[in-house]
Amino acid sequence: MRSILSISAALLCTIALIVLGSWHQPFGQSIPPIGKLINPFTGFWQNAEAVDNQHTNQIVDLPALSDKVEVVFDERLVPHIFAQNLEDAYYVQGYITAKYRLWQMDISVRATAGQLAEVMGPRLLERDRLQRRKGIISAAENTLAAWKESPEEIAQIEAYSAGVNAWIDQLQEADYPLEFKLLNYQPEYWSPLKSAIFNKSMAEALCARHSDIPATNAMRIFGDSLFQFLYPERIPTQSPVIPDAVAYDFETISTEEENTSDLPADLSSVIPFRPFEMADPSTGSNNWAVDGTKTASGYPILANDPHLGLTLPAIWYEIQIQTPEVNCYGVSLPGLPAIIIGFNENISWGNTNVGQDVLDWYTIQWANEEKTTYLLDGETKEVDLIVERIKVRGQEDVLDTVRYTIWGPVVYEADGDAYKDMAMRWLAHDQPDKKPFYELAYLTRLMGGKNYEDYLTAFNGYDTPAQNFVFASKDGDIAMTIGGKFPVKENQQGRFVQDGSTKASAWNGFIPREQVPKDKNPARGFVASANQHSASKDYPYYYNGGFDEYRGRYINRRLEQMSKVTVEDMKALQLDNYSLAAEEATPILLALLDSISKSSLEQSMYDSLKTWNYQFEMDWKAPIVFRKTMQAVYKETFDEIYTLADSMEMLFPEEWRLVDLLGNYPSHAIFDIQETDAVEQAKDVVVRCFQKIASEMEEEWTDPAFDWGKYKSTRINHLGFIPAFGVYNLMVGGYKDAPNSIKGSHGPSWRMIVAFDENGSKAEGIYPGGQSGNPGSPYYDHTVQPWVKGEYYPLYLMKTPTDWINQPLLTQTYQ
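Since the structure is predicted, the reported quantities are computational estimates derived from the model, not experimental observations.

A.B. asks: Lay out the overall build of the protein in plain terms, naming residues and giving numbers.
C.D. replies: Check the secondary structure of the protein and you find 23 helices and 28 strands. By the burial criterion, 62% of the 815 residues in the protein qualify as buried. Here the analysis covers contacts within the protein between residues at least 6 apart in sequence; of these, 73% occur between residues at least 24 apart. When the accessible surface of the protein is totalled, it reaches about 30,600 Å², and 49% of it is carbon and sulfur.

What follows is the structure, encoded as structure tokens:
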């Protein structure tokens, strides 16, 4: 569609009608005035871009700059910024990012802050209300207050904001990004607060998951013994991020007398159903680094592929920034200055999510009917009443009063809400402790880092969301640091709803940064993380959360096996479709199915599993049999939990637990199916499910076109869910438990590999999308198919504006 848009105004008008006809109005917004939309002077056809309208040199007047800034755009429209100081560099970064991603920046902040109804109407009011009641804006204001304590940091964020606004200032209505025209509203000025809100959007996506109420319900229904059996916190075969070989010989902060993990006494029964919307559990990532003892070159290689929601415009914006202090290449987030994941000539770094639970729920015991006071250790405390003003398009503003306790906001108050009269204690609400620098300035230090000491020092300013930061350097060092701020909890604390009427339920401070797990230059020759447990059971602090059970173990196993590693080996591991989950579960399924009589179709499906190598390749059928069978067996095994989940939030066992039950506890009562008179065991459940799947797949099994790629139906949605602007039915392999963790609309949002040698660094990378957020641009989705094919692009870390391998697409001078 991107090339068609540049052909003619008449054809563009036709496409406009198609777009409007296919748009399912995800936000409840009415169709914009059609005359305004197809106006030839200001309408959406003005957003069309030709493929070859670049290759020019331009001078842009930006009086706010203190010195000249040169920007060279390469053949993929990646900007390489050359500035004389960081503030000018971030100013131009803001200007260019707004040029190509303004609507993405705007809608991301609105969605996080609860400001969608202002432009999309009353159907978004309840969503906005929930975001406000979560305390997102208050949390962002706390973060901004901390940034302001650092002159360096606030100057950089203000420069970035000023650059965004410089782009907005020169816009005419005809220049508005297409989505503004479709939704019929205008861009707003950017501000440091908007960047802080965007920062909280990452916290909401990465460190706001919790299972307090589902776990509390499950504990009350099953009792402690069965609960602990069904819901163990750690798979016995776990291979943690920081390996068992690391010793912990420090003196810990005591929790024995300070905290309590007892369930609140006033929760005399289970908590009714009302799910709390959380980030997709598919979110995950891989990163690793191998040292020179394991590489063919004798120098380290680092790899990172963060798995996030796949969207158009893409989450990431690729960029290089050079000043006298830094020369760094990587990816940024539209809405924040600096580079988030990247490399320079001396070091490289990458992130994966930690997964530890830093959001807990506390019951509140009200002291009066108005709920303006509550009890804490027998004393009456007043709530802080914060009035949220929510703007609603076409209606009067809505005022909503939120009660804040010492724990945090009381998010839900309506009858029937599972979280009614509970306060949310979330680490991201906290104003960062006073220190020389904070979440943004740590990136600047990484960008200019020269060695391990610079890398380690940078994390003194980082709190949330917690990340596993992998590191490699030209000096030969590799490292992994569990970066972030972590509460001190007693055993099981935060796993269940806690009693908010006593301070004894509080976290007992935070783990000292020097005691947070990390590893440098391990004897095994590599470091790696894939969202698994941070540390071994020997780590003296308790932590809970949601952790990977398979990818981390498999990646560690593969890296252990490797020698004379090359960049191509690292690509192959990032693109590896092998599933350890399938390796461990399939032989158990086959053994339980082996002796039964099978139809020809069932035998064919059985044989496909028997000869399968556990690779989730797009053109294979065996992965479908495995996935559908395991899903059916899971649902039949835990049918009691599914029944309970119809009326309350319930915690479901992890998939590895099902495999363990099938293999080691085949006669356990959990396999008995409620709807039958018989008493089923594991074999009965597996046979029943396998035969059912076979009957359902009779036609599909003989269809040559029906394979794993078609079944999994990978897609990349437009941020506004406008169908014409998304990409669908991508034929690609991968599986949630494979290193190439592609599932639905989630997957590797950025693949990067950095190799060092005596001259510095060389890197390759790709993300599925394009540098432009304009659906009318040839650079909107042009890297999607190369990403599907497993291709990578060279990442040019230029030394000067004329340091070119290929002809530049566009050169601009800002002055």
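From this point, the discussion proceeds with the structure in view.
A.B. asks: Tell me about the packing of aromatic side chains, and name the residues and values.
C.D. replies: Evaluation of the coordinates by the stated rule reveals 43 aromatic pairs. Seen from their ring centres, phenylalanine 227 and tyrosine 231 are 4.8 Å apart, and the 35 degrees between their planes marks the pair as tilted. Exposure class is identical for phenylalanine 227 and tyrosine 231. Each is buried. Through successive ring pairs, a cluster of aromatic residues spans Tyr554, Tyr578, Trp612, Tyr614, Phe616, Phe626, Phe706, Trp708, Tyr711 and Tyr735. The ring of tyrosine 606 carries lysine 598 above its face, with NZ or CZ at 4.4 Å from the centroid. One Lys or Arg, lysine 621, reaches over the ring of tryptophan 701 and ends 6.0 Å from the middle of that ring.

A.B. asks: Would you mind going over empty space enclosed by the protein in detail, with residue names and values included?
C.D. replies: Summary: where empty space remains is shown by rolling a probe the size of a single water molecule over the atoms. Under the criterion given, the structure shown has 10 cavities of 30 Å³ or more. Within this model, the largest cavity holds a volume of roughly 290 Å³. Taken together, 24 residues make up the lining of the largest cavity; nearest its centre are Met202, Leu333, Ile340, Asn351 and Gln467. Of all the elements in the fold, those that place two or more residues in the lining of the largest cavity are α9 (192–206), β4 (284–290), β5 (301–309), β10 (347–353) and α11 (441–447). Partitioning the lining of the largest cavity into residue classes produces 14 nonpolar, nine polar and one charged.

A.B. asks: Outline the sheet that holds strand β19 (residues 498–499), supporting the account with residue identities and numerical values.
C.D. replies: In space, the three strands of this open sheet follow the order β16-β11-β19, with mixed pairing throughout. Unpaired on one side and paired on the other, β16 (422–426) and β19 mark the two borders of the sheet.

A.B. asks: Kindly report on the nonpolar core, identifying the contributing residues and their values.
C.D. replies: Val92, Ile96, Trp316, Tyr442, Met447 and Tyr814 are the most contacted members of the largest nonpolar core, which has 129 residues in total. Residue contributions to this core peak at 15 residues, all from helix α3 (residues 86–113). Setting aside anything within four residues of it in sequence, one finds valine 92 in contact with Leu65, Val69, Val71, Ile81 and Tyr814. Ranked by size, the runner-up nonpolar core spans 80 residues in total, among them Tyr550, Leu559, Val565 and Tyr578.

A.B. asks: So what about the pattern of salt bridges? Which residues, and what values?
C.D. replies: Counted under the stated rule, the structure contains 33 salt bridges. The salt bridge involving arginine 133 is made with glutamate 413; its shortest N-O contact spans 2.6 Å. Taken as a pair, arginine 133 in helix α5 (residues 125–133) and glutamate 413 in the loop between β15 (398–404) and β16 lie far apart in primary sequence, 280 residues in all. When salt bridges that share partners are traced, they join Glu126, Arg129, Arg133, Asp400, Arg403 and Glu413 into one network.

A.B. asks: Kindly report on the pairing of strand β8 (residues 327–332), identifying the contributing residues and their values.
C.D. replies: Counting buried positions over the six residues of β8 gives six, a clear majority of the element. Of the strand pairs in this sheet, strand β7 (residues 317–322) and β8 are connected by six bridges, and their pairing is antiparallel. Paired with isoleucine 321 across the bridge in β8 is cysteine 328. Linking β7 to β8, which pair antiparallel, is a turn of four residues.

A.B. asks: Got a sec to walk through the side chain of arginine 110? Specific residues and values, please.
C.D. replies: With respect to the secondary-structure elements, arginine 110 resides in helix α3. Its relative accessible area of 2% is what places arginine 110 among the buried residues.

A.B. asks: Run through the sheet that holds strand β23 (residues 727–730), naming residues and quoting values.
C.D. replies: With mixed pairing, three strands are arranged side by side in an open sheet as β6-β22-β23. Each end of this open sheet is capped by a strand with a single partner; those strands are β6 (311–312) and β23. Sheet topology places strand β22 (residues 714–718) next to β23; two bridges connect them, and they run antiparallel. Note on β23: the bridge partner recorded for isoleucine 716 is valine 727.

A.B. asks: Before we move on, can you summarise the environment of histidine 746 with the specific residues and values?
C.D. replies: Mapped onto the elements, histidine 746 comes out in strand β24 (residues 746–748). Note: C-alpha distance between histidine 746 and glycine 284 (462 residues apart in sequence) is 9.0 Å.

A.B. asks: Quick rundown of the environment of serine 297? Include the residues and the values.
C.D. replies: One can find serine 297 in the loop between β4 and β5. C-alpha of serine 297 to C-alpha of aspartate 757: the two residues are 460 residues apart in sequence and 7.1 Å apart in space. Within the structure, serine 297 has its side chain in polar contact with the backbone nitrogen of tyrosine 299 (distance 3.1 Å).

Conventions and cut-offs
- Residues numbered from 1 in each chain as written.
- Predicted model: local features only at pLDDT ≥ 70, side-chain atom pairs only at ≥ 80, totals over all residues.
- Heavy atoms only, no water.
- Helix = DSSP H or I, 4+ residues; strand = E, 2+ residues; numbered from the N terminus.
- Buried < 20%, exposed > 50% of the residue type's maximum accessible area, 1.4 Å probe, protein only.
- Contact = heavy atoms within 4.5 Å.
- Areas by Shrake-Rupley, 256 points an atom, 1.4 Å probe, with all protein chains shown as cover.
- Phe/Tyr/Trp six-rings, centres within 6.5 Å; stacked < 30°, edge-to-face > 60°.
- Lys NZ or Arg CZ within 6 Å of the ring centre and 35° of its normal.
- 1 Å grid on protein atoms, 1.4 Å probe; cavity = no way out; pocket = protein on both sides within 12 Å on 5 of 7 lines; lining within 4 Å.
- Points joined across faces, edges and corners; volume = space filled by probe spheres on them.
- Nonpolar A, V, L, I, M, F, W, Y, C, P; charged D, E, K, R; others polar.
- Pairing = 2+ DSSP bridges.
- Core = buried A, V, L, I, M, F, W, Y, C linked by side-chain atoms within 4.5 Å.
- Salt bridge = Lys/Arg side-chain N within 4 Å of Asp/Glu carboxyl O.
- Polar contact = N/O pair within 3.5 Å; in protein donor to acceptor, adjacent residues only side chain to side chain.

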